[in-house]
Amino acid sequence: MTNIEKYNQAFVDAFDIDEKDAESMEFNKSEGWDSVGQMKLVAAFEDAFDIMLETEDIIGINSYNKGKEVLSEKYDIKF
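For clarity, every value in this text was computed on a predicted model and none was experimentally measured. (Residues numbered from 1 in each chain as written. Predicted model: local features only at pLDDT ≥ 70, side-chain atom pairs only at ≥ 80, totals over all residues. Heavy atoms only, no water.)

Asks: Explanation requested: the nonpolar core in the structure shown.
Replies: One recurring pattern in soluble globular proteins: nonpolar side chains tend to sit buried together. If you look at the biggest cluster of nonpolar residues, it comprises 23 residues, and the most contacted ones within it are Phe-11, Phe-15, Leu-41, Phe-45, Leu-53 and Leu-71. Contributing elements (two or more residues each) for this core: α1 (3-15), α2 (35-49) and α4 (64-75). Apart from residues lying up to four places away in sequence, Leu-71 is in contact with Tyr-7, Phe-45, Phe-49, Ile-51, Leu-53, Asp-76, Ile-77 and Phe-79. (Core = buried A, V, L, I, M, F, W, Y, C linked by side-chain atoms within 4.5 Å. Buried < 20%, exposed > 50% of the residue type's maximum accessible area, 1.4 Å probe, protein only. Helix = DSSP H or I, 4+ residues; strand = E, 2+ residues; numbered from the N terminus. Contact = heavy atoms within 4.5 Å.)

Asks: Please explain the packing of aromatic side chains as it appears in this structure.
Replies: Any pair of aromatic rings gets described here by the distance separating the centres and the angle formed by the planes. Summed over the entire model, instances satisfying the criterion amount to 11 aromatic pairs. Relative to Phe-79, the ring of Tyr-7 lies with its centre 5.2 Å away and its plane at 65°, an arrangement referred to as edge-to-face. In this pair, Tyr-7 sits in helix α1 while Phe-79 sits in the segment after α4, placing the two residues 72 residues apart along the sequence. Between the aromatic rings of Phe-11 and Tyr-64, the centroid separation amounts to 5.3 Å while the plane-to-plane angle is 50°, which identifies the pairing as tilted. Of this pair, Phe-11 sits in helix α1 while Tyr-64 sits in helix α4, and the two are 53 residues apart along the sequence. Like Phe-11, the residue Tyr-64 is buried in the burial classification. Pairwise contacts between aromatic rings join Tyr-7, Phe-11, Phe-15, Phe-27, Trp-33, Phe-45, Phe-49, Tyr-64 and Phe-79 into one cluster. (Phe/Tyr/Trp six-rings, centres within 6.5 Å; stacked < 30°, edge-to-face > 60°.)

Asks: What is the right way to read the environment of Thr-2 from this model?
Replies: Looking at where Thr-2 falls in the secondary structure, it is placed in the segment before α1. In the structure, Thr-2 is positioned 76 residues away from Lys-78 in sequence and 9.5 Å away in space, judged by C-alpha atoms.

Asks: Mind showing me how you'd approach the side chain of Ser-63 here?
Replies: Relative to the helices and strands, Ser-63 resides in the loop between α3 (55-60) and α4. From its side chain, Ser-63 meets the backbone nitrogen of Lys-66 in a polar contact 3.1 Å long. (Polar contact = N/O pair within 3.5 Å; in protein donor to acceptor, adjacent residues only side chain to side chain.)

Asks: Which parts of the structure should I look at to understand the side chain of Gln-38?
Replies: Along the chain, Gln-38 falls in helix α2. Given the relative accessible area of 7%, Gln-38 is considered buried. Here the side chain of Gln-38 touches Trp-33 through a polar contact of 2.4 Å, side chain to side chain.

Asks: Sorry if this is basic, but what is going on with α2 here?
Replies: Because each turn of an α-helix spans 3.6 residues, side chains separated by three or four positions in sequence point in the same direction. Here α2 spans 21 Å end to end across 15 residues, near enough to the 21 Å set by a 1.5 Å rise per residue. In this structure, the buried side of α2 is in contact with α1, α3 and α4. The opening residue of α2, the one whose side-chain oxygen lies 3.2 Å from the backbone nitrogen of Val-36, is Asp-34. (Expected span 1.5 Å × (residues − 1).)

Asks: I would appreciate a short explanation of α4 in the present structure.
Replies: A rise of 1.5 Å per residue sets the reference length of α4, with its 12 residues, at 16 Å; its end C-alpha atoms lie 16 Å apart and thus fit the reference within 8%. Among the residues of α4, those classed as buried are Tyr-64, Gly-67, Val-70, Leu-71 and Tyr-75. End-on view of α4: buried residues confined to an arc of 125°, all on one side of the axis. Counted as exposed and oriented over 90 degrees from the buried face of α4: Asn-65 and Glu-73. (Arc of directions from axis to C-beta.)

Remember that the coordinates give geometry; whether it matters functionally is a separate question.
Structural data, given as structure tokens:
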């Protein structure tokens, strides 16, 4: 599984959505992406990429694209 597939699967698992809907997800704007949803997403990222996200990064991930940016820049995950 590629990193982008793992990334998209994290959204599918955390929010019970179709993969095609992942790119439009935004914190507090998309159904299910509230504080509880955020923690589900973080857990999915940590499991998928075998990382431990720092608190500031957890807070900073507020959209699909921002999540890719944070994981790429801070955790050296290539998409």
